[in-house]
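Residues per chain are reported as follows:
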Amino acid sequence: MQNTLSVRHLSKNYGATHALTDLDISVKKGDVYGILGPNGSGKTTALGIVLGVTNATKGSYSWFDQGSSNYLRKKIGSLLDKPNFYPHLNGFDNLKLTADIKDLKHPEINKKLELAGIIKHAKRKFHTYSTGMRQRLAIAAALLGKPEVLVLDEPTNGLDPEGIADVRELILTIARDGITVIMASHLLDEVQKVCSHVAVLKHGKKLFEGHVQSLLSGNDGIEIGADNLDQLSSALAGYEGVDRIDRKSHTCLVKLKPGYKSSELSAFLITNGINITHFAQNKGNLEQEFLHLLSGSGD
Amino acid sequence: MINDIPNIDLSLKPMLRFPDVWQNLTYIAGYFKIILALIVITSISSEFAQGTARQNVIDGFSRNEWIYSKIGLAKSLALFSTLLVIGIGLVLGFSQNVKTDFSAIFTRLDFVFAYFIELLVYFIYALFLTIALKRTGISIIILLVYDFILEPILSWSLPDQLNSFLPMNTIDDLNTFPFAKYVGSEIMEAVSFEQLVWAIAYGILFGILSLWMLKRSDL
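Residues numbered from 1 in each chain as written. Chains lettered and ligands numbered in written order. Predicted model: local features only at pLDDT ≥ 70, side-chain atom pairs only at ≥ 80, totals over all residues.

Focus on the sheet that holds strand 6 (residues 149-153) of chain A
The strands that make up a sheet pair up through hydrogen bonds in the backbone, lying either parallel or antiparallel.
Residue and element names in this part refer to chain A.
Then, number 1: The six strands are arranged 5-6-7-3-8-9 in an open sheet whose pairing can be described as mixed. Looking along the sheet, the strands with just one partner apiece sit at the ends: strand 5 (76-79) and strand 9 (205-211). Direction aside, neighbouring strands of the sheet carry axes that sit 10° apart on average.
Then, number 2: Sheet topology places strand 3 (residues 32-36) next to strand 8 (residues 197-202); four bridges connect them, and they run parallel. When the sheet's bridge partners are listed, Y33 is paired in strand 8 with H197. (Pairing = 2+ DSSP bridges. Helix = DSSP H or I, 4+ residues; strand = E, 2+ residues; numbered from the N terminus. Axes fitted to C-alpha atoms, helices over the stretch in contact; angles between N-to-C directions.)

Okay, here's the thing in structure tokens:
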């Protein structure tokens, strides 16, 4: 399958600070690809490099397997960091300028403004826009023409809950149309809801890359509560089918080895005199796995 | 003897007649180029401050295209100013020439072309400073300090042969003080081709340096 974006050994140093170290990622056509990481993990730096505004210290990237020329960027709709428009121009005229740069003859500006929910304010000057309106205008700009890929950096920044839901729905609609989406975020729920693939970064290094489901399935487990948590922990440690135990404040999260069933575990605990107060299947949660990845990565 | 004194008209009239008006007017107008350069600096530094330069590149401009668009702005501003000077020159010239000799209107138009080059090169120099420094205030300060303090000191300390090759001198020497003519002193009668080539060379150099710096920096 064609690569929409391939990044090879990308590094960026600011003096002695390593903002990005030897990053390799591949985004295939049709992926909704999340780049996940805490603040300062290198997400925006990585996107800045592939969008041509930040110079890499080392490494290379290629869009659509064709290199990194500025002509290829015209096929990309993007919102990086924060919306940047001419403050003295209105929303419509700002989008006309974007369309001119992208060589779009019939950019359907009004349609995109409507799609992003900003059409009512199209004739207002940009400097009068609220943060949410600015974000919506940037999304409209990113959708101009028919971009082959959308690159979004924290796309729900500054939006109210309704706006966040709108943008999430918009991303899913876009993805259903086969447009590749690359999205950086530190909002785990957002990524879990919309992304098919994810890369996790910390301190500029990649900790994980793959399907969101493969990341989550690693965290499917059973949440067990008991009158005496110490007794429960000891009993669990003595059960051969337990693969991993994460002790929380009031429960233990248990991951079983393949072939073992939760019913067998509950029978084992009851036999061992554990008074179980809570026993529930725990579906994988990106937050848990993300924190697990970060805690396991050292520093 | 009183008869030896040249016949001097102390009114402004001879200065505003064709073809003198072109040289005189462009010389005076040259002083206002600093105000126009401030427009260049403010407009370009705001592109960095507001992130629109960054957005233009994200949307698909190459850095070369971005620089060309800003040189385009400099060219438009220089052209607008030159056309304004031509308009004022025509009005003044026709108002002062009792009997207009049409050939006189088209004489010394080389000073008008030199004025256009003077502005264009100066604006590209302002563009270069803004790209190097990114901030409005500091760019304006450096422009003024170099123009009015540093280069005059350099001029004073360098031998005469090198003086005229300093960038601001090169630009300013395209049209030197023309009014001495009216008290009988010798002045330049035409724009020096060599000076024009040097000025254009500086414009190209500042343009290349601007591009080089823009390519090296993160937006």
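Picking up after the structure, the text goes on.
Considerations on the packing of helix 2 (residues 33-49) of chain B against helix 6 (residues 110-133) of chain B
All names here are of chain B.
Then, number 1: The N-to-C vectors of helix 2 and helix 6 enclose an angle of 35°; their axes lie 9 Å apart at closest approach. For the crossing formed where helix 2 meets helix 6, the hand is right-handed. Contacts between helix 2 and helix 6 involve K33, L36, A37, V40, I41, I44 and S45 from the former and E118, L119, Y122, F123, A126, L127 and T130 from the latter.
Then, number 2: Of the residues assigned to the contact of helix 2 with helix 6, the class counts are 10 nonpolar, two polar and two charged. (Left-handed = near helix turned anticlockwise from the far one by under 90°. Contact = placed C-beta atoms within 7 Å. Nonpolar A, V, L, I, M, F, W, Y, C, P; charged D, E, K, R; others polar.)

Overview of the nonpolar core
Considering soluble globular proteins, one finds that nonpolar side chains tend to be buried as a cluster.
Then, number 1: Counting 73 residues, the largest nonpolar core has L137, A140, V151, V181 and I182 of chain A as the members making the most contacts within it.
Then, number 2: In terms of residue count, the dominant contributor to this core is helix 5 (residues 131-142) of chain A (seven residues).
Then, number 3: Contact partners of V151 of chain A, with chain neighbours within four places excluded, come to L47, L51, I76, S78, L80 and I182 of chain A.
Then, number 4: Of all hydrophobic cores here, the second largest spans 39 residues; its members include A74, V112, L174 and A199 of chain B. (Core = buried A, V, L, I, M, F, W, Y, C linked by C-beta atoms within 7 Å. Buried ≥ 20, exposed ≤ 12 C-beta atoms within 10 Å, placed from the backbone.)

Quick notes on unusual backbone geometry
All names here are of chain A.
Then, number 1: Of note, D22 is a non-glycine position whose phi angle comes to about 50°, a positive value.
Then, number 2: With respect to the secondary-structure elements, D22 resides in strand 2 (residues 17-28).
Then, number 3: The partly exposed category is assigned to D22, around which 14 C-beta atoms lie within 10 Å.
Then, number 4: With a phi close to 50°, H203 is a non-glycine residue in the positive phi region.
Then, number 5: Tracing the chain through its elements places H203 in the loop between strand 8 and strand 9.
Then, number 6: Residue classification places H203 among the partly exposed residues on the basis of 19 C-beta atoms within 10 Å.

Remember that the coordinates give geometry; whether it matters functionally is a separate question.
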